[in-house]
Amino acid sequence: MKNQPKARLATAWLDGCSGCHMSLLDVDELLLTLADRVTIVFGPLVDAQHFPENVDVAIVEGAVSSQDDLRLAQTIRENSKFVIALGDCAVTSNVPSMRNSIAPTRLLERIYISGATAQPGVPTQNVPALLRAAIPLHEAIKVDLHVPGCPPSAAAIAHVLTELLEGRKPDVASAAKFG
Amino acid sequence: MSHRISDLSSFNAAHAAGLRKLMPGVPRIAIGMGTCGMGNGAEAVYHAFADHIHNLGLGFHLTRTGCFGFCAEEPLVNVLLPGQPLVVLRRIQASDVPALLDHLAAGRIPAELALCKIEEWDHITATIKYAAGQPEIPHWYDVPFFTGQKKIVLRNCGIISPIEIEEYIAVGGYQALYKVLIDSSPEAVIEQLKAAKLRGRGGAGYQTGLKWEMLRKAQAERKFLISNADEGDPGAYMNRNEIEGDPHSMLEGMIIAGYVTGSTEGILYVRAEYPLAVHRLQHAMDQARDYGLLGKNILGRGFNFDISLVEGAGAFVCGEETALIRSLEGRAGRPTPRPPYPAEKGLWGYPTNINNVETWYNVAPIVVKGAAWFTETGSPKSPGTKVFSLVGKVQNTGLVEMPLGTPLKTFVYDIGGGATHGKAVKAVQTGGPSGGTIPQEMFDTPVDYETLAQLGSIMGSGGMVVMDEDNCMVDVARYFVEFTHSESCGKCTPCRAGLDQALRILNRFTHGVATDGDLDTLDELSRMIRDMSLCGLGQSAPNPVLTSMRHFRREFEDHVRAHRCRAGVCEDLALSPCENSCPLHMNIPRFLQLLKEDRLEEAFLSVVLDNPLPASTGRVCQHPCDNRCRRSAIDDAVNMREVHRFIADSIYGTPRYEPLIEQVLARKLPPTGCKIAIVGAGPAGLSCAYYCALLGHDVTVYENNAEAGGMLRYALPNYRLPIEVIEHELELIRRLGVSFIFNTTVGRDISLNELDAAHDAVFLSIGTWKESWVYLAGTELRGVLHALPFLEAVNKDETTQLGRKVAVIGGGNAAIDSARTALRLGADVTIVYRRERKDMPAIREETEAAEAEGARIVFLAAPHRIVDDGSGGIQAIECVKTTLGEFDRSGRRRPVPTDEILRIACDTVILAVGETVDLDFVKASGLRLKEGGTMLEVDRHTLLTSRPNFYAGGDLITGASNVSNAMGWGKKAARTIDQALMDEFRWPRIWPEFKHSMTVPAHPSTARRHHNRELDPAKRAATFAETTFPLAPVEAMEETCRCLRCDIRADH
Amino acid sequence: MPNRISIRIDGELVQAERGQTIFEAAQSNNKFIPGLCQFKGLSTVGACRLCVVEVQGVNRLLPSCTTPAQDGMAVITKSARLNDYRRQSLELLFAEKNHVCAVCVSNNHCELQAYAQRLGVTNVRYAYRYPKLHVDMSHPRFVIDHNRCVLCTRCVRVCNEVEGAYVWGVAGRGIGSRIACEMDRAWGNSASCTNCGKCVQVCPTGALAEKGFAAEEMVKRQDLVERLATIRGTMNPGGPR
């Protein structure tokens, strides 16, 4: 085991609250095992600026809400062997989807103009354009495993990661909760 | 005065009164006034007759009938002159009436207006004999539309007046009721129905006798009978016409059922969209009450039964019996689970029996004629007949009543007369939105409950929609799901939410954004909806999807993988109908618009980047675009082929040529370093080479002849395609850097392995140069020639063994080319073809040109033997005359030999009966062949053969075809080869951006289509020089102004 | 006729009472069959289709909530096909409306969610529809949130059959179906609502809820209504529909 090359793990934070990343950090002593077995090559937990090539497992939190989300999701798919949608936002688009029945322009106007308390105006600089709807990850790219939950429990995440490291298919349905 | 019938003598009196109306002793004119006839103007016809008869003081008896069934010939008018047969006139308009009345007043019937005559009519419950006569008018049963029909349900429709109860009594009506009441043995009637195995005609096919028995046995203070006239499927209207034409037959069936089952209340549930049917029924019920046939003490036998009518609001789901009952109760039309069945707990909780309209029509005939008579018709499990509404892409549309078990092909071809406009029938949809599509290969299927169910379809209420090549089966499935989706009541999840998702997925297909995964999701979702839904609507709603996916999976795959809709229905997948039909997918509206804007150079660039051989195809293409052009709905198609010939001819050989060629060369992508071998320098190989070179690859073409061009050079006669034209086009390909290696046969001079080793990809595109083997005695004789070698020899100026009197066998382009070439060599030419003119595969204009130049064509003759002149030469050819038999797989009638022999004196016979690919080298190479072994197997979307890096296209994979199709394959191969080699979709980079108007012309030119000019036939036949000339500039310009710009969408 | 019958459920021979539906027979023998529209004491409608089972000798699936158990019947309640179909049904429901569990008052106390968990749903294969739906807050004590409605019609039936107030009905049809108060009034303007709250307690999801609860806080008291419905004697399989 010691001589095995470390697996390349990436995480990504799309439209979500980062709660799933918190839950990921909540796996306690499994973090030590992970440190031995995997290298985290991308994500909010590390410094990398660009999504690298040849990723073994990519864990994605959040719904696909903006052009940037969509591009990153596509980049992840192109460069990763196994993609996990982690948490309800990535699995069902969850809370981000609550804006979906409102057209983005109306939404932005309501928030940034009629709802503004100071400096009304829709920001256009350095912010990505919103997609028409926030969609679950699998509607944007092919997803290999769905781990639902808001957030998924640390135990569920631990189960998934342990099983994958052992080369087995995790039994998500019994470990995680839908919705 | 009371009409009440209470005994036999009053019954007979009504009968006699009816006969006097039916055969009045003065001319009787009856207008077919069902909704269909009225839609075609029958009402105006009726009033014209009424006015003129009144004004002229003619004592004619004018009345109305229901529909006789032949919708395509409406309005129909029945005319009965005393002492003559009943004659049915067709397509009568109000303006025809005065002249017609003059004839009738003089005792004449204009035969040219007649559809058919009836000398004797079997009303089943009685037979009416008219006089014989009018020999020039066909008997009704000799009109193909009626041949084979058996009118049991429609026994009175279109003959008697639906508003005259006495006429109904005159043809045996209410006799069955009378008999049942006199016999007073309800059990016997039920036994009779059971023995007749009468099955419900609403679609499910449950035995009527069993249902009645259940109701009879049910103990309750009230029992209900319901007639389900909530006919709501798109394309189905048999119930409407049955009621409009003969309402009393249904009432009689219900009254009999009332007596037999012990019910006293009947309800007619008729959809409100059928106002005429409602009106006729109300009138009929009033009359029946008046005559003591409905209400209290029926026929004086102490039996009470009355019927009320309820108009349904038009929800499709209310055709489902439990939903119908809820609707009658004043609740929302939503089905409830069974059990309990209506026979136990139906309307208001009382036992209830529901039958479809048509089921009731079979009751009286069975009572009168007996079960054994009924089971003589139809199939053992499904006796009797069924009325179908035959609609869609057939020549004869209308209501047809056929014995159950009749094969589908009889409906489509014999009754329906086959497809319209020479198109090919693709499928029949039976059972409307709840049914399925049955492909043409399965037209031997007998139409009965079980067989249709096995194929995943249903009989339903009898809708039969014929589809041809212009129907996209994905869109058809989408259409029906859209219908059921909007008609779902919303009660159960699978139907409510499932159909909504199914429709979303189908929309993705028709919009070209579906994925392979959608195919699987749609399949599993459809099965789930079918198996899980609460009522028949949901359970059957996926049938159109499941059957289309089973029988037409390729069309679904094409929508996903090739983004193509062959039928050209799904607009998001095509630029315009012409582009979609073009094998090269040329952007036709673009070059038309550029030329219209007087930008000839750019138009040429557009054309030549879409089609490397524009001057050649501009002369010889089969122009499928013509059949698709929407302009033809106004007058004729835009002459697109001639416009692009005009564009090419205006550039080639002029000073404009060189700068334009430079522009084409400038489009070439940077060198990729990839080496591509192309085998065969015919149209497919040349196209592939051209595009591969444009994409920056290093291309070598291997050709076994001494020059490039393939069939273009060697098989097409010079008068159609001069060599100079080919040379012009080859120059461009050469200058793109394509190298040619001539006189080299792959498989002999160089092996596939050697090609493989030296190249990154190989495209195989050899044509069909080998003659098909013919089964004909005498082919060894001197003077027997094969078309292609003959044409090749003439093109190469070699001598041929052509004599003075030539017979050409075949009907394709090679036959016509041979005939016209032989004419030019001074021969006397006869073409022998075994089918009809309309079945000829040759381009129509070419056939006409050959005839104008003096060729004779003998149709319906199959060569039998070539007769020896005693010295090894030919004396004559003997042909067997054929007649047209059944329709074959190609949708054409199969020629059937007769005993008649035709002898045509000749000294030369040219065989042009088809060519095949020489597959010897392929067989030796181990590449996989298609089933049948005459063609190479490739992936339809990538054109990859069974060997990596080897692609194939053209005749090799399709069999003998034509120049444009071959070029289409070559172009497609270049695209897929490039994508495979470069792992990137670089294809669009070839084209520059063309800027031109994207506005729909407000006033498209009203000019008629311009045809190109030709030398007159006599001069033509004397020369091999080109005899058709390009359009004049003003004509070409006018053609571009005729284009309607279908490529522009409102949402763009 | 004896009142007890024997049926076989998933191969096991069990006893049931004559007149019981397959669903009831399974429940009384602790055999699990999912069901969203079925509610003890109320009439059955067979609408959600989750409770379909295979019955030997019948070539189509039968809803166990409306099919009477018959002596000697052999019933299969779980199979790969049933599981797949039921899962598809649940996914269709999730995709149909906006069930955002994370912010739902009934999160973790929801029958739809529980079945999804039990039947192994980890994601929805269909496209979410994201319809724009109304939340009616006009009633002083209760809320109806159409975003979370599965159209089981338990509320309609409990109001008609137990309370006798006939407040609820179904308006629209097909995918546009929705629960409506009287002739499509705001609930707060209802003339017949008795404010009894039975509809809220029988609702399997967070579509009907009491006001004043935050996410995850609404726990329904179905047992009370069940008892009441049964006492009122409306437990009548062939009863009003």
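Basis of the calculations
- Numbers given for residues are sequential positions, taken from 1 along each chain in its written order.
- By the order in which they are written, chains take letters starting at A while ligands take numbers starting at 1.
- Side-chain atom pairs in this predicted model are given and counted only at pLDDT of 80 or more, local residue features only at pLDDT of at least 70, and totals for whole chains, interfaces and linings cover all residues.
- Each helix is a run of DSSP H or I of at least 4 residues and each strand a run of E of at least 2, with the numbering of both proceeding from the N terminus.
- Counting other C-beta atoms within 10 Å of its own, a residue is labelled buried from 20 upward, exposed at 12 or fewer, and partly exposed in the gap between, with every C-beta atom placed from the backbone.
- Note that contacts rest on C-beta atoms placed from the backbone: two residues are in contact if these are within 7 Å.
- Three categories are distinguished: nonpolar for Ala, Val, Leu, Ile, Met, Phe, Trp, Tyr, Cys and Pro, charged for Asp, Glu, Lys and Arg, and polar for the others, with Gly belonging to the last.
- A domain assignment, automatic or from a database, supplies the domain bounds used here.
- Strand pairing is assigned whenever DSSP detects at least two bridges linking the two strands.
- Note on method: axes are straight lines fitted to C-alpha atoms, helices fitted across the in-contact stretch only, with angles between N-to-C directions ranging 0 to 180 degrees.
- We define the nonpolar core as any set of buried residues of the types Ala, Val, Leu, Ile, Met, Phe, Trp, Tyr and Cys, connected via C-beta atoms lying within 7 Å of each other.
- Known as pLDDT, the predictor's confidence for each residue is given on a scale from 0 to 100.
- Any angle from 65 to 115 degrees is called roughly perpendicular, while one under 35 is roughly parallel, one over 145 is roughly antiparallel, and all others are oblique.
- Note on convention: near helix rotated counterclockwise from far helix by under a right angle means a left-handed crossing. Clockwise means right-handed.

A count of helical and extended segments in chain B gives 42 helices and 34 strands. Seen through its principal axes, chain B has C-alpha atoms that stretch 100 × 65 × 60 Å. The buried share of chain B, reckoned over its 1052 residues, is 56%. Expressed as a percentage of contacts within chain B between residues at least 6 apart in sequence, the contacts between residues at least 24 apart total 72%.

A word on the interface of chain C and chain A. Across the contact, 19 residues belong to chain C and 21 residues belong to chain A. Of the residues contributing to the side of chain C that touches chain A, the split by class is 11 nonpolar, 7 polar and 1 charged.

One frequently used descriptor of interface size is the decrease in accessible area upon assembly of the parts. Residue and element names in this part refer to chain C. The domain architecture assigned to chain C consists of domain 1 (4-78) and domain 2 (101-231). One C-alpha centre belongs to domain 1, the other to domain 2, and the line joining them spans 25 Å. Taken together, the contact pairs 12 residues of domain 1 with 16 residues of domain 2.

With that settled, the discussion passes to the pairing of strand β1 (residues 28-32) of chain B. Residues and elements named next belong to chain B. Extensive coverage of β1 is indicated by the burial of 5 of its 5 residues. Judged by which residues are buried, β1 turns out to be covered on both faces: R28, A30 and G32 on one side and I29 and I31 on the other are all buried. Bridging between β1 and strand β3 (residues 77-80) involves 4 bridges; their strand directions are antiparallel. Residue I31 lies in a different strand from β3, and its bridge partner there is V77. Of the strand pairs in this sheet, β1 and strand β2 (residues 61-65) are connected by 5 bridges, and their pairing is parallel. Bridging from a neighbouring strand, A30 pairs with T63 of β2.

With that settled, consider the sheet that holds strand β19 (residues 698-702) of chain B. Residues and elements named next belong to chain B. The 5 strands are arranged β20-β19-β18-β21-β32 in an open sheet whose pairing can be described as parallel. A single partner strand is all that each edge strand has here, and the edge strands are β20 (739-741) and β32 (950-952). With direction set aside, neighbouring strand axes in the sheet form an average angle of 20°. In the sheet, strand β18 (residues 675-679) pairs with β19 via 5 bridges, with the strands oriented parallel. Bridge pairing in β19 links V679 to Y702. On the sheet, helix α40 (residues 963-982) packs against β18, β21 (761-764) and β32 and is oriented at approximately 165° with respect to β21.

It is worth spelling out the interface of chain B and chain C at this point. Every contact between the two is made by 25 residues of chain B and, on the other side, 27 residues of chain C. Elements with a contribution of two residues or more to the side of chain B that touches chain C: α18 (473-487), α19 (493-510) and α20 (516-532) of chain B. Broken down by element, the side of chain B that touches chain C gets its largest block of residues, 8 residues, from α19(B). Considering only residue class, the side of chain B that touches chain C consists of 11 nonpolar, 9 polar and 5 charged.

Below, the discussion takes up the sheet that holds strand β28 (residues 874-887) of chain B. Residue and element names in this part refer to chain B. The strand order β27-β28-β29 describes an open sheet built from 3 strands, whose pairing is antiparallel. Sheet topology places β27 (861-868) and β29 (893-905) at the edges, where each strand pairs with a single neighbour. For this sheet, the mean angle separating the axes of adjacent strands, direction not counted, is 20°.

On domain assignment, one finds that chain B holds domain 1 (8-150), domain 2 (174-375), domain 3 (385-570), domain 4 (577-664 + 994-1042), domain 5 (672-769 + 917-984) and domain 6 (772-914). Here the C-alpha centre of domain 6 of chain B lies 63 Å away from the C-alpha centre of domain 2 of chain B.

The next thing to look at is the nonpolar core. With 311 residues, the main nonpolar core has A:A58, A:V60, B:I255, B:I256, B:L293, B:A502 and C:C155 as its most contacted residues. When near neighbours in sequence (up to four residues on either side) are disregarded, A:A58 contacts A:A10, A:A12, A:I76, A:S80, A:V83 and A:I84. One finds B:L594, B:A637, B:F763 and B:L1031 within the second-largest nonpolar core, a separate group that totals 137 residues.

Before going further, it helps to examine the arrangement of the chains. Once contacts are tallied for each of the 2 pairs of chains in contact, the highest total is for chains B and C. With respect to C-alpha atoms, chain A approaches chain B no nearer than 10 Å, and the pair has no contact.

Moving on to the confidence of the model for chain C. All names here are of chain C. For chain C, per-residue confidence averages 92 on the pLDDT scale, and residues scoring 70 or more make up 95% of the total. Within the model, pLDDT remains below 50 along residues 234-241, and this stretch shows 18 contacts once partners closer than five positions in the same chain are excluded. Across the assembled chains, the prediction reports ipTM 0.95 with pTM 0.90.

So, on to helix α12 (residues 321-328) of chain B. Residues and elements named next belong to chain B. Here α12 lies mainly inside the structure; 8 of its 8 residues are buried. Among the residues of α12, E321, T322, A323, L324, I325, R326, S327 and L328 are the ones counted as buried. On its buried face, α12 sits against β8 (224-229), β9 (265-271), β11 (303-312) and β12 (352-356). One or two positions beyond α12, positive phi appears at G330, with a value near 90°.

Next up on the list: the packing of α18(B) against α19(B). All names here are of chain B. Where α18 contacts α19, the two axes come as close as 9 Å, and the packing angle between them is 150°. By the angle between their axes, α18 is roughly antiparallel relative to α19. Crossing hand, α18 versus α19: left-handed. Note on element contacts: α19 touches α18 through L499, D500, A502, L503, L506, N507, F509 and T510, opposite V474, D475, A477, R478, V481, E482, T484 and H485. In terms of residue class, the contact of α18 with α19 is made up of 8 nonpolar, 4 polar and 4 charged.

Considering the arrangement of structural elements, one finds C:T21 in the loop between β2 (12-17) and α1 (22-28). C-alpha of C:T21 to C-alpha of C:S64: the two residues are 43 residues apart in sequence and 6.5 Å apart in space.

We now examine unusual backbone geometry. In the segment running from B:E74 into B:P75, the intervening peptide bond is cis, with an omega of -10°. In this fold, B:P75 is placed in the loop between β2 and β3. Along the chain, B:R338 connects to B:P339 via a cis peptide bond; the corresponding omega equals 0°. The backbone of A:D28 shows a phi angle near 55°, a positive value even though the residue is not glycine. Tracing the sequence through the fold places A:D28 in the loop between α1 (19-25) and α2 (30-37). Note on A:D28: 10 C-beta atoms within 10 Å, which makes it exposed. In the Ramachandran plot, B:N743 falls in the positive-phi region, its phi being about 55° despite a non-glycine side chain. Within the secondary structure, B:N743 sits in the loop between β20 and α34 (752-758). Overall, B:N743 belongs to the exposed group, with 11 C-beta atoms counted inside 10 Å.

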